[in-house]
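Survey of secondary and tertiary structure
For reference, the chains in residue letters:
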Amino acid sequence: MMEPAGQKVELVSAKEKRPVKCPSQENPYLYTYRNSNYLTRWPKPQGKFEVREGMEIRCPDMDPSNTIPTSVHRLKPADISVIGALGDSLTAGNGAGSTPGNILDVLTQYRGLSWSVGGDQNISTVTTLANILREFNPSLKGFSTGKGKENSRGAFLNQAVAGNKAEHLPAQARRLVDLMKNDTRIHFQEDWKIITLFIGGNDLCDFCKDPVHHSPQNFTDNIRKALDILHAEVPRAFVNLVKVLQIIPLRELYQETKVNCPRLILRSLCPCVLKFDDNSTELASLIEVNRRYQEGTHQLVESGRYDTREDFTVVVQPFFEIVDMPKTAEGLPDSSFFAPDCFHFSLKAHARAASGLWNNMLEPVGQKTTHHNFENKISITCPNQVRPFLSTYKNNVQGHGTLLLCRDRAPSASTPTSVHALRPADIQVVAALGDSLTAGNGIGSKPGDLLDVTTQYRGLSFSAGGDGSLENVTTLPNILREFNRNLTGYAVGTGGANDMNAFLNQAAPGAKAEDLISQAQTLVQKMKDDHRVNFHEDWKVITVLIGANDLCDFCTDSNLYSAANFFGHLRNALDILHREVPRALVNLVDFIDLSAIRQVFLGNPDKCPVQQASMLCNCVLTPRENSQELARLEAFARAYKSSMRELVESGRYDTREDFAVVLQPFFQNVSLPVLADGRPDTSFFAPDCTHPSQKFHSQLARALWVNMLEPLGSKVDALELTAEIPLTCPTQNEPFLRTPRNSNYTYPAKPAIENWGSDFLCMELNPSSSVPTSVHELRPADIKVVAALGDSMTTAKGARADNSSGTITSWRGLSWSIGGDEVLETHTTLPNILKKFNPNLLGFSTGTREETTGLNVAVEGARARDMPAQAWDLVKRMKNSSEINLEKDWKLVTLFIGSNDLCHYCENLETQSGQEYIQHIQQALDILYEELPRTFVNVVEVMELASLYQGHDGKCATLAGQSSCSCFRYAENSLEMQELKRVNWDFQRSVSRFYWHRYMQREDFAVVVQPFFQNTLVPLNERGDPDLTFFSEDCFHFSDRAHAEMAIALWNNMLEPVGHKTTSNNFTHSRAKLKCPSPESPYLYTLRNSQLLPDQAGKGPTTFYWAVPVAAGGGLVLGVVGTMVWKGIRGCRREDPQ
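Keep in mind that this is a model prediction, so the values were computed, not measured. All residue numbers refer to position in the chain's written sequence, counted from 1. In keeping with the model being predicted, local features are shown solely for residues with a pLDDT of at least 70 and side-chain atom pairs are shown and tallied solely at 80 or more, while totals for entire chains, interfaces and linings include all residues. Just so you know, side-chain values use all the structure's heavy atoms and leave hydrogens and water out.

**A look at helix H9 (residues 281-302)**
Under the convention used in this document: Under the scheme used here, helices are H or I runs from DSSP no shorter than 4 residues and strands are E runs no shorter than 2 residues, and both carry numbers assigned from the N terminus. Multiplying one less than the number of residues by 1.5 Å gives the expected span of a helix.
Over its 22 residues, H9 runs 31 Å from end to end, which matches the ideal 32 Å to within 8%, given 1.5 Å per residue. Downstream of H9 by one or two residues, Gly304 has phi in the positive range, about 85°.

Printed below as a string of structure tokens:
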């Protein structure tokens, strides 16, 4: 009863004790509609409100904070209790309700319709900021109603004065403060207030009369004085400083003669805008001053002058910065947006301004709308989970904070012992490994500051940064700190990995997969040494992201950056963590799809440093669209990602209760925002257009967190950068960070391998520009003819299962060194590789029939003594072939022999020696040297048959004794087997140390030893037993799978320099293991083009040895063939048998 109509409290809390109000000398009466100066809510049938400018607001969250906030940076719309405004006639509402043509009525101040503070009627009929806020808090106070000047009863806290300029604002601020202090309806200390200040139109209109008086500096100073008063005296206040509008479009209305406007009156109201010619210096000067007015207010606020108190802030709202004149359907200026004087706002314009202001208040600082099309109604934005507060400079830091609404933030009742029962609040330590993305390069760089991209903003890194808090910086550590304030390990500030503030963010710019091992070692040592980390007791989350730099350089050396190498490096790093770090959950994050980087970089040539593309990421940014190079990049990226999945899904890291590696796939598919002009939005990137900005990092952190709480099998594998990503919460039913076990997830079964083909990713396919005359300048595409000498390993005996009960078939078309069946994609052989370079290759064998053997002269059961005869046979076939030009065609011949010599050695220990073995090979090579021009000969070292383990039962153990390899019948530690080892090594040594200089006298002939079998590694299955899929039915010969692996090993040896060739086989299945020639190394390697002198080569190729744990009772096992099943592999350098 003691409250004016229109300002009565509509919601009463049963818990709240409110004092009984008393009449006063100023307000002694019980309030009625009349003495409240109240306009009824419903329009009169023919009143001025027939044209409604209302709307409906339906927001999901319209509640106030649970408790009255103490910080202006956590202020929700419903927390606002008081509204006020300062300004000129546009805020006073002059002419807002005037009927068309009633020019005199423009003198009427319709304060109840004012865009920023009017409270007439309600939001369904009148759109104002106050009416919007009343939907959130019906008890809002301070809004103006009805008509009248600033001192009228209905004006209340709308203290704008018609005709005022910036110089009058301090006096308005003084009156407003006094009114709020003295009004009993306002709890001055406790109520949250919103005050909107809008001034400058009159200053611009009169600027030309006194440019000094109305200078931008004076304009800004006067606003500062008013804001200083509010800042010094008003508690709990959010101040909107609305930028002065762009006033020049008013000239369109003035100059359009088809629009009915009182031009004399309009010109008298704003002479400095309207009286000068379009191209005059005076007009140009006014436009510049208008701009400087806007900039000055921005600089004043962004100085931080008004952010010194937790309960007060000033925010620039720039929706008036760029204003287009609204047009009619005919293209004329739309006078319906103006009062009858064509200067002040009509009800429609006030409604649009209110909507623009409201939306600006919710938009993040740095992302506020500066340009509105006022012709259409502006949709009202709602607060949401991501942005529930009115935006300030601190709670957004350009919009990078996030709200976490989780209620259950408690840790487990006792520290968990299982990674599968790990709650967010149990995490004590965060850490990260990776490259410049995790190091934070360029996150905080200003647009255009390319040099600053070298700065590592580690404190803002999505996975390891701890700058600020979740209110203003969204990172995984800041999210986890909401659950555990004692979290440690995160980085702050800027600097390198070795700086103190980097802490456990050990990512390094430029890092590749091979660098992860050293990063992991450093991380482990830091955690062990730092007193803030209880290494054995604390639960740790370690995020690993790598791969982009490998792809950036893959085209420079596709062998070095192969998927197999990437897999190996990643595995080795994760192995270190698995072996040494207790209580750890490792996030393995998919790297970004680099096609997205290409889109941004190439789509913005004016903003992105295109000239530096080759330096930034050559292999990704420089290939042309739809080129073979780009297709190859995409194939490598797929292979990398596939290897990551394969590694995790192998179960290799699921062997301990307190450790898990989880693949987080949110980065797999990135959806880039596109601007209106169709170009990708560079605001998500640093100035180099390749590193993510803080805006991007914030989304990465949100997506990573969401992935961590999603069960395996249901994880989101896409990221839309403009999407709102609310932070999900653990629930009572699902309180844990997800692992395979607590997701009830079973890794998908490996798809059945349909064939043993390989993917071909090489780009250097062309032959030499002219047929080379030197074997040392021989490219793969120059090879015209292939041939092979050897035994049943080269005839491919038993390569495929034979359903007949007869003898085992020789599948010459599948032979590793000479077979040409099918194509490379379905079966890997040396000829099938070479056919990619030269489709017209000759000499390879096909099928199983004698007439299709081609130049495969190998014979089953052959020994070294048979090589001269095979050499003559080969020469004869070549000379008799009508397809081969013996003098001009380049030939590739592969010789592999010795298995049968070793197998029968035990029958007569005096019959074989390394000297005799190499003499037979030399005789064959002499024939080829004398008879064949333009020839490259591969001599493949014999595999190791020594140290065979005979302790296994089953079919293979039985067949071993029945095979033609008589040495297998002896016990492993027998004298016969020890002697076999000595002879085996003697064979290999005699080949590697043979004086090959005898074949270097001709420029068109070379012999090269290929040593991949020198240290034979037994392929093992998942149980650690020898993998019998590499063997034929007789458990002695090789299957088609093994033939494919031998072909890969031989090809890769051919592309490795002598002295640096791989000396062991890597029989693990991958379709991407083939090496490629490069522009720097286009030739097959010989002694000469390896820059290795013959006497240096005689020392043998560089050898490295592989270690595999030896099972109980097992010994050194280094063979691949035979029927034996091995348990261990020799792990140290063999000693000289002497």
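**With respect to the pairing of strand S10 (residues 659-664)**
Selection rule: Partly exposed residues are those whose accessible area sits between 20% and 50% of the maximum for their type, while under 20% is buried and over 50% is exposed, using a 1.4 Å probe and protein chains only.
Here S10 lies mainly inside the structure; six of its six residues are buried. Burial along S10 is two-sided: Phe659, Val661 and Leu663 and Ala660, Val662 and Gln664, pointing in opposite directions, are all buried.

**Quick look at the nonpolar core**
Let me state the cut-off plainly: Remark: nonpolar core denotes a set of buried residues (Ala, Val, Leu, Ile, Met, Phe, Trp, Tyr, Cys) joined through side-chain atoms within 4.5 Å. Any two residues having at least one pair of non-hydrogen atoms within 4.5 Å are treated as being in contact.
Ile427, Ile542, Leu574, Leu577, Leu588, Phe667 and Phe696 are the most contacted members of the largest nonpolar core, which totals 107 residues. Here Ile427 is in contact with Leu422, Leu480, Asn484, Leu487, Trp539, Val541 and Leu737, once residues within four sequence places are set aside. Of all hydrophobic cores here, the second largest spans 99 residues; its members include Leu169, Ile247, Phe319 and Leu357.

**Details of the sheet that holds strand S13 (residues 783-790)**
Condition: Between any two strands, pairing holds if DSSP finds at least two bridges. Angles shown run from 0 to 180 degrees and are taken between the N-to-C directions of axes, each axis being a line fitted to C-alpha atoms and, for helices, limited to the stretch in contact.
An order of S13-S14-S15-S16 is seen for the four strands of this open sheet, with the pairing classed as parallel. Strands at the two margins of the open sheet, each flanked by one partner only, are S13 and strand S16 (1005-1010). Adjacent strand axes in the sheet meet at a mean angle of 20° when their direction is disregarded. Where helix H25 (residues 914-931) meets the sheet, it contacts strand S14 (890-896), strand S15 (935-940) and S16, and its direction lies at approximately 150° from that of S16.

**With respect to the pattern of salt bridges**
Put simply, the rule is: The rule for a salt bridge is simple: a side-chain nitrogen of Lys or Arg has to be within 4 Å of a carboxyl oxygen of Asp or Glu.
Overall, the coordinates contain 50 salt bridges when judged by the stated rule. For Glu321, the salt bridge is made with Lys243, and the minimal N-O distance between the two is 2.6 Å. Of this pair, Glu321 sits in the loop between strand S4 (312-317) and strand S5 (322-323) while Lys243 sits in the loop between strand S3 (237-242) and helix H6 (250-255), and the two are 78 residues apart along the sequence. Here Asp530 makes a salt bridge to Arg532, at a shortest N to O gap of 2.8 Å. A residue is classified by how much of its surface remains accessible, and Asp530, at 16% relative accessible area, is buried. Residues participating in the shared-partner salt-bridge network are Arg174, Asp178, Lys181 and Glu233.

**Considerations on unusual backbone geometry**
Positive phi, close to 55°, is recorded for Gln121, a residue that is not glycine. As for its placement among the helices and strands, Gln121 is situated in the loop between helix H1 (89-92) and helix H2 (129-136). One non-glycine residue, Cys342, lies in the positive phi region at around 60°. Topologically, Cys342 is positioned in the loop between S5 and helix H10 (347-362).

**Overview of the sheet that holds strand S8 (residues 539-545)**
Backbone hydrogen bonds hold the strands of a sheet together, and the pairing may be parallel or antiparallel. Strands sit in the order S7-S8-S9-S10 across an open sheet of four strands; the sheet is parallel. Among the strands making up the open sheet, the edge pair consists of strand S7 (427-434) and S10. For this sheet, the mean angle separating the axes of adjacent strands, direction not counted, is 20°. Judged from the six bridges that link them, S8 and strand S9 (residues 584-589) form a sheet pairing that is parallel. Bridging from a neighbouring strand, Val541 pairs with Leu585 of S9.

**Observations concerning empty space enclosed by the protein**
Summary: where empty space remains is shown by rolling a probe the size of a single water molecule over the atoms. Heads up, the rule is: Here the term cavity refers to a set of points on a 1 Å grid, laid over the protein atoms alone, in which a 1.4 Å probe fits but cannot get out; the term pocket refers to an open set having protein on both sides within 12 Å along at least five of seven lines, with lining residues being those that place an atom within 4 Å of a point. Grid points are joined across faces, edges and corners, and a volume is the space filled by probe spheres set on the points.
Under the counting rule described, the total for this entry stands at nine cavities of 30 Å³ or more. Roughly 350 Å³ of internal volume is contained in the largest cavity. Those elements giving two or more residues to the lining of the largest cavity turn out to be H1, helix H4 (201-205) and H10.

**A word on the environment of Glu135**
Of note, Glu135 is situated in helix H2. Setting aside its immediate chain neighbours within four residues, Glu135 contacts Ile57, Met62 and Ile123.

**Quick notes on the confidence of the model for the chain**
Heads up, the condition is: Values of pLDDT, the confidence the predictor places in each residue, fall between 0 and 100.
Per-residue confidence for the chain gives a mean pLDDT of 86; residues scoring 70 or more make up 89%. Between residues 947-954, whose pLDDT stays under 50, and residues either more than four places distant or in other chains, the model counts 30 contacts. Scored below 50 in pLDDT, residues 957-962 shows 10 contacts in the model against residues more than four places distant or in partner chains.

**Topic: the state of the cysteines**
Test applied: The definition used for a disulfide is geometric: two cysteine sulfur atoms within 2.5 Å.
Counted by the stated rule, this structure contains nine disulfides. Sulfur-sulfur distance for the disulfide between Cys59 and Cys382 comes to 2.0 Å. Torsion about the S-S bond of the Cys59 and Cys382 cystine: about -80°, corresponding to left-handed handedness. Of this pair, Cys59 sits in the segment before strand S1 (80-87) while Cys382 is found in the loop between strand S6 (371-372) and helix H11 (393-396), placing the two residues 323 residues apart along the sequence. A residue is classified by how much of its surface remains accessible, and Cys59, at 10% relative accessible area, is buried. Across a sulfur-sulfur distance of 1.9 Å, Cys608 and Cys689 are joined as a disulfide pair. Disulfide Cys608-Cys689: the torsion about the S-S bond is -85°, which places it as left-handed. One end of the pair, Cys608, is in the loop between helix H17 (594-603) and helix H18 (613-621); the other, Cys689, is in the loop between strand S11 (669-671) and helix H20 (694-709), with 81 residues separating them in the sequence. In this pair, the class of Cys608 matches that of Cys689, namely buried.

**Some words on the packing of aromatic side chains**
Applicable threshold: Here is the rule: rings of Phe, Tyr and Trp (six-membered ring for Trp) pair when centre to centre is within 6.5 Å. Planes less than 30 degrees apart are stacked, more than 60 are edge-to-face, and the remainder are tilted. The rule for a charge over a ring is simple: NZ of Lys or CZ of Arg within 6 Å of the ring centre, and within 35 degrees of the ring normal.
Throughout the structure, instances matching the rule amount to 28 aromatic pairs. Aromatic side chains Phe319 and Phe320 sit 4.4 Å apart centroid to centroid with 35° between the ring planes, which places their arrangement in the tilted category. The class of Phe320 is buried, set by a relative accessible area of 3%. Consider the rings of Phe566 and Tyr640, whose centres lie 4.2 Å apart with planes at 5°: the pair is stacked. Of this pair, Phe566 sits in helix H16 (residues 563-580) while Tyr640 sits in helix H19 (residues 628-649), and the two are 74 residues apart along the sequence. An identical accessibility class is assigned to Phe566 and Tyr640; each is buried. Stacked on the ring of Phe188, the Lys or Arg Lys193 has its end atom at 5.2 Å from the ring centre.

**Here's the deal with H25**
Three or four residues apart is the spacing at which side chains of an α-helix point the same way, because the helix has 3.6 residues per turn. Over its 18 residues, H25 runs 26 Å from end to end, which matches the ideal 26 Å to within 8%, given 1.5 Å per residue. Buried within H25 are the following residues: Gly914, Tyr917, Ile918, Ile921, Gln922, Ala924, Leu925, Ile927, Leu928 and Tyr929. On the buried face of H25, the contacting elements are helix H23 (867-880), S14, S15, helix H27 (975-992) and S16.

**Considering the pairing of S15**
Burial analysis of S15 places six of its six residues in the buried class, which makes it a mostly covered element. Burial along S15 is two-sided: Thr935, Val937 and Val939 and Phe936, Asn938 and Val940, pointing in opposite directions, are all buried. Both S14 and S15 contribute to a ladder of six bridges, which runs parallel. Among the inter-strand pairings, Leu892 is bridged to a residue of S15, identified as Phe936. For S15 and S16, the ladder comprises six bridges, and the chain directions are parallel. Paired with Thr935 across the strands is Phe1005, a residue of S16.

**Considerations on the side chain of Ser1078**
Selection criterion: Between N or O atoms, a polar contact is any pair within 3.5 Å; within protein, one atom must be a potential hydrogen donor and the other a potential acceptor, and residues adjacent in sequence are included only when both atoms are from side chains.
Among the secondary structure elements, Ser1078 is positioned in the loop between helix H28 (1040-1054) and helix H29 (1094-1097). A polar atom in the side chain of Ser1078 sits 3.0 Å from the backbone nitrogen of Ser1081.

**Side note on the environment of Lys8**
Following the sequence through the fold, Lys8 ends up in the segment before S1. Residue Lys8 is classed as partly exposed on the basis of its relative accessible area, which comes to 32%. Spatially, the C-alpha atom of Lys8 lies 8.9 Å from that of Lys141, the residues being 133 residues apart in sequence. Lys8 has contacts with Met1, Glu3 and Tyr31, leaving out every residue within four places of it along the chain.

**With respect to the packing of H2 against H10**
Where we set the bar: Should an angle fall under 35 degrees it is called roughly parallel, over 145 degrees roughly antiparallel, and 65 to 115 degrees roughly perpendicular, with every other angle called oblique. Lys, Arg, Asp and Glu make up the charged group, whereas Ala, Val, Leu, Ile, Met, Phe, Trp, Tyr, Cys and Pro make up the nonpolar group; the residues left over, Gly among them, are polar.
Between H2 and H10, whose axes approach to 8 Å, the crossing angle comes to 55°. Relative to H10, the element H2 lies oblique. Contacts between H2 and H10 involve Leu129, Ile132, Leu133 and Phe136 on the former and, on the latter, Ala354, Leu357, Trp358 and Met361. Its residues placed into classes, the contact of H2 with H10 shows eight nonpolar, no polar and no charged.

**Focus on the environment of Asp901**
Tracing the backbone shows Asp901 in helix H24 (residues 899-903). A relative accessible area of 2% places Asp901 in the buried class. Linking Asp901 and Arg865, residues 36 residues apart in sequence, is a C-alpha distance of 9.0 Å. Within the structure, the side chain of Asp901 is placed 3.0 Å from the backbone nitrogen of Ala864, a separation counted as a polar contact.

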